[in-house]
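So the chains spell out like this:
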Amino acid sequence: MFFLLLFGGGIVLGFARGFEYKSYILAFAAAAVLLSAYWMLQKKLKSRAFLCDTVHPVKLGVLISGICFVLNLLYVLFVRLEPTIDFHTFWITAEMLADGKALSNSTFVAAFPHILGYSAFLSLFIRIFGHNYLVAAVLNVFLTAFSCMLIYMLCLRFFGSRAACLAGLLWTVCPSKMMYNSMVLSEPYYTFLFLASVYMIAGLHAYFGRGGKVENAIMAFMLTLYLIVVSTTDNTM
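The structure presented is a predicted model; accordingly, all values stated were derived computationally and were not measured. (Residues numbered from 1 in each chain as written. Predicted model: local features only at pLDDT ≥ 70, side-chain atom pairs only at ≥ 80, totals over all residues. Heavy atoms only, no water.)

**What about the packing of aromatic side chains?**
The way to describe two aromatic rings as a pair is by their centre distance and the angle between their planes.
Right, so step 1: Taken as a whole and assessed by the stated rule, the structure comprises 10 aromatic pairs.
Right, so step 2: Residues Phe121 and Tyr189 carry aromatic rings whose centres are separated by 4.2 Å and whose planes lie at 15° to one another, so their mutual orientation is stacked. Taken together, the positions of Phe121 in helix H7 (residues 114-129) and Tyr189 in helix H11 (residues 187-208) put the pair 68 residues apart, joining distant regions of the chain. With respect to class, Phe121 is no different from Tyr189; both count as buried.
Right, so step 3: The interplanar angle of 50° and the centroid separation of 6.1 Å between the aromatic rings of Phe146 and Phe192 together place this pair among those described as tilted. In this pair, Phe146 is assigned in helix H8 (residues 133-158) and Phe192 in helix H11, connecting sequence segments 46 residues apart.
Right, so step 4: Judged by its relative accessible area of 22%, Phe192 falls in the partly exposed class.
Right, so step 5: The rings of Phe90, Tyr118, Phe121, Phe125, Tyr189 and Tyr190 are connected pair by pair, giving a single aromatic cluster. (Phe/Tyr/Trp six-rings, centres within 6.5 Å; stacked < 30°, edge-to-face > 60°. Helix = DSSP H or I, 4+ residues; strand = E, 2+ residues; numbered from the N terminus. Buried < 20%, exposed > 50% of the residue type's maximum accessible area, 1.4 Å probe, protein only.)

**Observations regarding the side chain of Asn181**
Right, so step 1: By the element assignment, Asn181 lies in the loop between helix H10 (175-180) and H11.
Right, so step 2: The buried category is assigned to Asn181, whose relative accessible area is 0%.
Right, so step 3: Here Asn72 takes part through its side chain, which lies 2.9 Å from a polar atom of the side chain of Asn181.
Right, so step 4: Once residues within four sequence positions are removed from consideration, Asn181 is found in contact with Asn72, Val76, Ala137, Asn140, Val141, Thr144 and Pro188. (Polar contact = N/O pair within 3.5 Å; in protein donor to acceptor, adjacent residues only side chain to side chain. Contact = heavy atoms within 4.5 Å.)

Structural data, given as structure tokens:
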């Protein structure tokens, strides 16, 4: 029902605000075809045994994350991009931090503080592996593989092994995510942090949420404390 509401809402908004690109119509059409196919095949799919039903969930998660890592690593090795514009800003800021130099673009970084958070993280690896654009790309691949594992574990917790397997594979071959890995930008890093936060909250809920009022109060306090820490460090992340 949630999917139907989301799908229908997208169509309504599209017609209300106008479709700027034909790809919107194609996307909705593809979603309708996939939804129809699922409805027609769901009984057969439930009765059949798949690999995700027979392999241990931990082993399957490691396997899917490994496939994600290898596939995205091959992409960044064959598709190498030199940083320009915003990507160049991330890179030169990380280089200056790695070398212990004063930021020559401090005014710009102050206006867009998220640059400093990712650049500071990237600078740690530049110090170890040197000033090579490939450092950022390979780091993005590792973050993408870790994000794949988090997506798999979250779906496994809430939706089962089949959904977890499908979500991990879809994340592995997601075109936009794969293209981002070749660039020096913060999306893979912050996506990983977001998913890690969701997984942490889900773990806290599983540990405290089924208890009484005291346990729930402790969980609420810990989440509130976490949000306070995140908000106070927002200027550096």
